[in-house]
Amino acid sequence: MTDIRVGVVDVYVIRPYRADWLVLSLQRSSGTRCPGSWAVREVREETGLELDRLYNVTCQPFYLHTLGVVEMAVVFAAFVTERADVRLGAEHQRFEWLSMTDAAARFTWPREREALEHIRILLGTGDAGPAEDVLRVV
């Protein structure tokens, strides 16, 4: 029997207050899991950024064959202001603000590109519209 558990939280940090949204892309440092890969991470802990709004977007399963476990990645979109100053922790060595298209091309996992598309569809008008009360966390 395979267990299912939440094991990962992906937070896509977005500057939505412009025509072309920008997505924060972080490069992991050597000595961490998947060194050198580009990821989006927990906002305050890993970037020092303060949230303007936070939305839950989707859950994405993936299988860890070495453990025989299906883990769920819970996906959030974090909106931050234009004047957001990124402060990197030891886990990351570099950051860039990228367009949604460029961020999708940069990410390692197909599920990351899929999550960006969910964010565009659900929040593309600047909020969740009729689903605001369901999707907005903060």
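The paragraphs below set out a description of the structure included in this document. Small disclaimer: the values here were computed from a predicted structure and weren't measured.

### As for the packing of aromatic side chains
- On inspection of all chains with the given rule, the structure shows three aromatic pairs.
- With a centroid separation of 6.1 Å and 80 degrees between ring planes, the pair formed by Tyr12 and Phe107 is classed as edge-to-face. Residue Tyr12 is found in strand β1 (residues 3-15), and its partner Phe107 is found in the loop between α2 (100-106) and α3 (110-123); the two are separated by 95 residues along the sequence.
- Consider the rings of Trp21 and Phe79, whose centres lie 5.4 Å apart with planes at 75 degrees: the pair is edge-to-face. Residue Trp21 is found in the loop between β1 and β2 (22-28), and its partner Phe79 is found in strand β5 (residues 69-79); the two are separated by 58 residues along the sequence. For the residue pair Trp21 and Phe79, the accessibility class agrees, reading buried in each case.
- By way of ring pairs, the aromatic residues Trp21, Tyr55 and Phe79 are connected into one cluster.
- One residue, Arg15, lies across the ring of Trp97, its end atom 4.1 Å from the ring centre.

### A short note on the pairing of β2
- Within β2, seven of the seven residues are buried, leaving the element largely enclosed by the surrounding structure.
- Burial of β2 is two-sided: the residues Leu22, Leu24, Leu26 and Arg28 facing one way and the residues Val23, Ser25 and Gln27 facing the other way are all buried.
- Two strands pair when backbone bridges link them, and β2 and strand β6 (residues 92-99) are joined in this way by seven bridges, in the antiparallel orientation. Bridge assignment links Gln27 to a residue of β6, and that residue is Arg94.

### Details of the pairing of β5
- The buried count for β5 comes to ten of eleven residues, which makes it a mostly enclosed element.
- Judged from the eleven bridges that link them, strand β4 (residues 53-64) and β5 form a sheet pairing that is antiparallel. The partner of Tyr55 across the bridge, within β5, is Ala77.

What counts, and at which threshold
- Residues numbered from 1 in each chain as written.
- Predicted model: local features only at pLDDT ≥ 70, side-chain atom pairs only at ≥ 80, totals over all residues.
- Heavy atoms only, no water.
- Phe/Tyr/Trp six-rings, centres within 6.5 Å; stacked < 30°, edge-to-face > 60°.
- Helix = DSSP H or I, 4+ residues; strand = E, 2+ residues; numbered from the N terminus.
- Buried < 20%, exposed > 50% of the residue type's maximum accessible area, 1.4 Å probe, protein only.
- Lys NZ or Arg CZ within 6 Å of the ring centre and 35° of its normal.
- Pairing = 2+ DSSP bridges.

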